[in-house]
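Structure at a glance
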Amino acid sequence: MAAKKMTQDKRTEINIALIYDNTVYQSGLTPDWGFSAHIRVGEQNILFDTGSDGHILLENMRMMNIDPMNIDTVFISHNHFDHIGGLAAFLRVNYDVDVIIPSSLRGVKRAKRVIEVTTPLTLLDGVFSTGELLGIEQSLMIKTSAGIVLVVGCSHPGLKNIIHVAKQQGHIHAIIGGLHDFDDFDILCDIDYICPTHCSSYISEIAKRYPEKYIQGGAGKRIKLPYFKEEK
Ligand SMILES: [Zn+2]
Ligand SMILES: [Zn+2]
């Protein structure tokens, strides 16, 4: 595999594709309880979480034309089956990757490099981990020209805490992922776009409260960021 540069043009769009989700956006894909997303930042391809089941993960990737061999980095948010279930199957296909794990996850060996995270960490130019918050979960932050894009697994440390950490890097442009039972909707008012999916209990409430910010999730959804809904 050709070596890839880790540099990132801040103006470059990032592309996020939801591979694994409780619901489907693109027909033909398999919905299942769990979460995984492919994130393209410059030349880098990141796999965020791996869903519950390796077969569904790889099959959805195939249907979406996302080649597992192109993934450089696997970022695992937390040690729950619906986020790590597909990891072993993925690493059987491509183990030439860096795997970024919260220190509470044990036993990941078959990879080029395993990086354990406790405190906030810069992974690539403009790409950061919040650190393992409350000893359970890390979230991914990506800098864009419109602000931080925050990708979350289940938000077990509380979205309020995660947002607090992310805001130290600047304005939050978008939040994507599982928000669990988060219902303090006022906190979202400064954020430009919200894609609450996976385990989020209050998707319809968020969509109703912030129709101009809401982005629908589901496996097969592709989101280009920065996101400008008004653009033709
Ligand atoms: Zn969880
Ligand atoms: Zn989950």
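Residues numbered from 1 in each chain as written. Chains lettered and ligands numbered in written order. Predicted model: local features only at pLDDT ≥ 70, side-chain atom pairs only at ≥ 80, totals over all residues.

Looking now at the sheet that holds strand 8 (residues 127-129). Strand order in this open sheet of six strands is 7-8-9-10-11-12, and the pairing throughout is mixed. Whereas interior strands pair on both sides, the edge strands pair on one side only; in this sheet they are strand 7 (121-124) and strand 12 (193-197). Each strand of the sheet is rotated relative to its neighbour by a mean of 20°, with strand direction disregarded. In this structure, strand 8 lies alongside strand 9 (residues 140-144), joined through three bridges in antiparallel fashion. The residue bridging Phe128 from the neighbouring strand is Met141, located in strand 9. (Pairing = 2+ DSSP bridges. Helix = DSSP H or I, 4+ residues; strand = E, 2+ residues; numbered from the N terminus. Axes fitted to C-alpha atoms, helices over the stretch in contact; angles between N-to-C directions.)

With that settled, consider the nonpolar core. Judged by nonpolar contacts, the single largest core of 63 residues is most densely connected at Ile76, Leu150 and Val151. Element by element, the count of residues in this core is highest for strand 1 (residues 14-20), at six residues. Discounting residues that sit within four places of it in the chain, Val151 has contacts with Ala37, Ile39, Phe48, Ser139, Leu140, Ile176 and Gly177. (Core = buried A, V, L, I, M, F, W, Y, C linked by C-beta atoms within 7 Å. Buried ≥ 20, exposed ≤ 12 C-beta atoms within 10 Å, placed from the backbone. Contact = placed C-beta atoms within 7 Å.)

Scored by pLDDT, the protein has a mean of 93; 93% of the residues are at 70 or more. Every residue in residues 1-11 scores below 50 in pLDDT, and together they form 21 contacts with partners more than four places removed in sequence or on other chains. (pLDDT = per-residue confidence, 0-100.)

We now examine the sheet that holds strand 1. Reading across from one edge, 6-5-4-3-2-1-13 is the order of the seven strands in this open sheet, with mixed pairing throughout. Each having just a single partner strand, strand 6 (113-117) and strand 13 (222-225) make up the two edges of the open sheet. Between one strand axis and the next, the sheet turns by 20° as a mean value, whatever way the strands run. Across five bridges, strand 5 (residues 98-102) lies against strand 6 in parallel orientation. Looking at the pairing, Ile100 lines up with Ile115 of strand 6. Across the sheet, helix 1 (residues 54-63) touches strand 1 and strand 2 (36-41), and the angle it forms with strand 1 is around 135°.

With an omega dihedral of -5°, the bond running from Leu225 to Pro226 counts as a cis peptide bond. Within the fold, Pro226 resides in the segment after strand 13. At Leu134, a position not held by glycine, the phi torsion is positive, near 50°. Along the chain, Leu134 turns up in the loop between strand 8 and strand 9. On the basis of neighbour count, Leu134 is assigned to the exposed category, with 11 C-beta atoms found within 10 Å. Its identity as a non-glycine residue notwithstanding, His180 has a phi of 55°, on the positive side.

Let's shift gears to the pairing of strand 1. Of all seven residues that make up strand 1, six are buried, and the element is covered over most of its length. Here four bridges tie strand 1 to strand 13, and the two strands are oriented antiparallel to one another. Across the sheet, the residue bridging to Asn15 is Lys224, located in strand 13. Across six bridges, strand 1 lies against strand 2 in antiparallel orientation. Across the sheet, Ala17 pairs through a bridge with His38, a residue of strand 2.

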